[in-house]
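As a plain string of letters, each chain reads:
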Amino acid sequence: MSLSNTGTAQPQRDSDKLAMAAHLHVLMRRKLGRVTDVEWLVRNDDYAREVIRVALADPAHSELMEWAHKLQAALFPAPPPRPVERTAVAARVSAAAVDLSNRYIGRLR
């Protein structure tokens with residue numbers, strides 16, 4: 001995710017993804033002798049997963065792994081966390097606390 005001018009998070013633009021894919025392509029060609037299709041890499045999820053898997057398979061090339069992780073994060077962002085629901089116990093505890101506080105204040109007067 002990138003930040004817009006207003007500071008809010010927005011999904012990666014296609015041009016950013018294409019730039020990352022091109023950088024990964026050059027690294028894979030130089031370090032592994034592999035040639036990839038940059039356009040298809042951005043458009044096809046299965047192909048992207050396989051190229052990223054190949055790039056991450058060789059831990060000897062840290063720069064290659066770094067760019068593979070960046071591209072993976074851009075193409076397959078993690079889903080947002082689910083909101084935590086209040087459990088029945090927490091609801092009862094907070095209801096009891098409100099009840100006690102009302103009684104305490106009422107008896108003080």
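Note that the coordinates shown come from a computational prediction; the quantities given were computed from them, not determined experimentally. (Residues numbered from 1 in each chain as written. Predicted model: local features only at pLDDT ≥ 70, side-chain atom pairs only at ≥ 80, totals over all residues. Heavy atoms only, no water.)

J.: Go over the nonpolar core, please, and point to the residues and values.
T.: Ranked by internal contacts, the top residues of the largest apolar core, which has 19 residues, are Ala21, Leu24, Met28, Leu41, Ala55, Leu64 and Leu71. Elements represented by at least two residues in this core include exactly helix H1 (14–31), helix H2 (38–43), helix H3 (45–56) and helix H4 (62–75). Top contributing element to this core by residue count: H4, with 6 residues. (Core = buried A, V, L, I, M, F, W, Y, C linked by side-chain atoms within 4.5 Å. Buried < 20%, exposed > 50% of the residue type's maximum accessible area, 1.4 Å probe, protein only. Helix = DSSP H or I, 4+ residues; strand = E, 2+ residues; numbered from the N terminus.)

J.: Lay out the environment of Trp67 with the relevant residues and their values.
T.: Assignment of secondary structure puts Trp67 in helix H4. Given a relative accessible area of 18%, Trp67 falls into the buried group. For the pair Trp67 and Ile52, spaced 15 residues apart in sequence, the C-alpha separation works out to 9.1 Å. With residues up to four places along the chain from it excluded, the contact list for Trp67 reads Met20, His23, Leu24 and Leu27. Within the local environment of Trp67, its side chain forms a polar contact with the side chain of His23, the two groups lying 3.3 Å apart. (Contact = heavy atoms within 4.5 Å. Polar contact = N/O pair within 3.5 Å; in protein donor to acceptor, adjacent residues only side chain to side chain.)

J.: Could you give an account of the packing of aromatic side chains, with specific residues and numbers?
T.: Going through the model one piece at a time under the given rule, you end up with 0 aromatic pairs. One cation-aromatic arrangement involves Arg49 over Phe76; the distance from NZ or CZ to the ring centre is 4.2 Å. (Phe/Tyr/Trp six-rings, centres within 6.5 Å; stacked < 30°, edge-to-face > 60°. Lys NZ or Arg CZ within 6 Å of the ring centre and 35° of its normal.)

J.: Describe the confidence of the model for the protein, naming the residues involved and giving the relevant values.
T.: Summarising the model, the protein shows a mean pLDDT of 79, and 65% of its residues fall at 70 or more. When pLDDT is averaged over each helix and strand of the protein, the minimum, 44, is found for strand E1 (residues 2–3) and the maximum, 94, for H3. When the criterion is pLDDT under 50, residues 1–9 qualifies, and its contacts beyond four places in sequence or with other chains add up to 12 contacts. (pLDDT = per-residue confidence, 0-100.)

J.: So what's going on with H1? Which residues, and what values?
T.: Look at H1: 25 Å from first C-alpha to last across 18 residues, which is about the 26 Å you get at 1.5 Å a residue. Those residues of H1 not exposed but buried are Asp16, Lys17, Met20, Ala21, Leu24, His25, Leu27 and Met28. Turning to H1, the residues buried within the fold contact H2, H3 and H4. (Expected span 1.5 Å × (residues − 1).)

J.: Provide a residue-level description of the pattern of salt bridges, including the pertinent values.
T.: Taken as a whole, this structure holds 4 salt bridges when the rule is applied. Here Arg53 and Glu50 are joined by a salt bridge, their closest N and O atoms 2.5 Å apart. Note that Arg53 and Glu50 are positioned in helix H3 at a spacing of 3 residues, about one turn of the helix. On the basis of relative accessibility, which here comes to 39%, the residue Glu50 falls in the partly exposed class. Here Lys70 makes a salt bridge to Glu66, at a shortest N to O gap of 3.4 Å. Linking Lys70 with Glu66, this pair stays in helix H4, spanning 4 residues, or about one helical turn. By relative accessible area, Lys70 is classed as partly exposed at 35%. (Salt bridge = Lys/Arg side-chain N within 4 Å of Asp/Glu carboxyl O.)

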